[in-house]
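Each chain, written out:
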Amino acid sequence: MIIGYARVSTHDQHPELQLDALNQAGCEQIFQEKMTGTLRERPELSLCLRMLRKGDTLVVWRMDRLARSLKDLVEIIEDLHKREIGFRSLTESIDTTSASGKLVFHIFGALAEFEHSLILERTKAGLAAARARGRKGGRKPSMSASDVKKAAAMLSDPDMTKAEVAQHFKVSRTTLNASLKRDGFNI
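Attention here is on the structure that accompanies the text. The structure presented is a predicted model; accordingly, all values stated were derived computationally and were not measured.

Attention now goes to the pairing of strand β3 (residues 57–60). Along β3, one buried face is formed by Thr-57 and Val-59 and the opposite face, lined by Leu-58 and Val-60, is buried too. Both β3 and strand β4 (residues 86–89) contribute to a ladder of 4 bridges, which runs parallel. Opposite Val-60, over in β4, you have Ser-89 as the bridge partner. Once you follow β3 into helix α3 (residues 70–82) and on to β4, the crossover reads as right-handed.

Attention shifts here to the environment of Ser-179. Secondary-structure assignment places Ser-179 in helix α7 (residues 173–182). When the C-alpha atoms of Ser-179 and Lys-149 are compared, they prove to be 9.8 Å apart, with 30 residues separating the residues in sequence. Here Ser-179 is in contact with Met-143 and Val-148, once residues within four sequence places are set aside.

Attention shifts here to the side chain of Gln-18. Mapped onto the fold, Gln-18 is located in helix α1 (residues 16–24). A distance of 2.9 Å separates a polar side-chain atom of Gln-18 from the backbone oxygen of Arg-7. Beyond its immediate sequence surroundings of up to four residues, Gln-18 is in contact with Ala-6, Arg-7, Val-8, Trp-61 and Arg-65.

Summed over the entire model, instances satisfying the criterion amount to 6 salt bridges. With a shortest N-O distance of 3.2 Å, Asp-64 and Arg-65 are connected by a salt bridge. Classification of Asp-64 by relative accessible area gives partly exposed; the value is 31%. On the accessibility criterion, Arg-65 (11% relative accessible area) is buried. Linking Arg-83 and Asp-79 is a salt bridge whose minimum nitrogen-to-oxygen distance equals 3.3 Å. Taken together, the salt bridges that share partners define one network made up of Arg-62, Asp-64 and Arg-65.

Attention now moves to α1. By the burial criterion, the buried members of α1 are Gln-18, Leu-19, Ala-21 and Leu-22. One side of α1 holds all its buried residues, which, seen down the axis, span an arc of 165°. Facing away from the buried side of α1 by more than 90 degrees, the exposed set consists of Leu-17, Asp-20 and Gln-24. On its buried side, α1 packs onto β1 (2–8), β2 (29–34) and β3.

What counts and what doesn't
- Residues numbered from 1 in each chain as written.
- Predicted model: local features only at pLDDT ≥ 70, side-chain atom pairs only at ≥ 80, totals over all residues.
- Heavy atoms only, no water.
- Buried < 20%, exposed > 50% of the residue type's maximum accessible area, 1.4 Å probe, protein only.
- Helix = DSSP H or I, 4+ residues; strand = E, 2+ residues; numbered from the N terminus.
- Pairing = 2+ DSSP bridges.
- Right-handed = clockwise from strand over helix to strand, strands pointing away.
- Contact = heavy atoms within 4.5 Å.
- Polar contact = N/O pair within 3.5 Å; in protein donor to acceptor, adjacent residues only side chain to side chain.
- Salt bridge = Lys/Arg side-chain N within 4 Å of Asp/Glu carboxyl O.
- Arc of directions from axis to C-beta.

This is the structure:
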């Protein structure tokens, strides 16, 4: 069975161009929805993917109608491949039911992996540069250095408990202990 999927991003866009192309491609059933591709949950796409069976072919007008990113596209196509379902994109002339179409898709997969590696490298380089400038990542401490000094002074009173001091600074005992330890107070 040849099944089509069409998507327009906004309600003022019209899917007729896609629907005409999918009908011309011989689609026996077409799923369509009007919603942005950035949303992970797309009910019509989910229904379409569930309906596909071994030997079927999923057809889209353009690849960006199917997936949110290159990585997402590769994951969807790999899932289809595992289930022995073909994929065709009309505008890009990609057909994974042919050897050359499979080759193109493996190249896309490699590009997606390469893109992911580049993003990781850039992130690590950015964090290293920030650390070199003396900036640390993560949340700011719940207790400032002066608060920790005050807490240590309060705890020098034998009648004062850590629970009372923590309550005074509106933090948990765990946070109080971690803050004291961080600033070198072994109380």
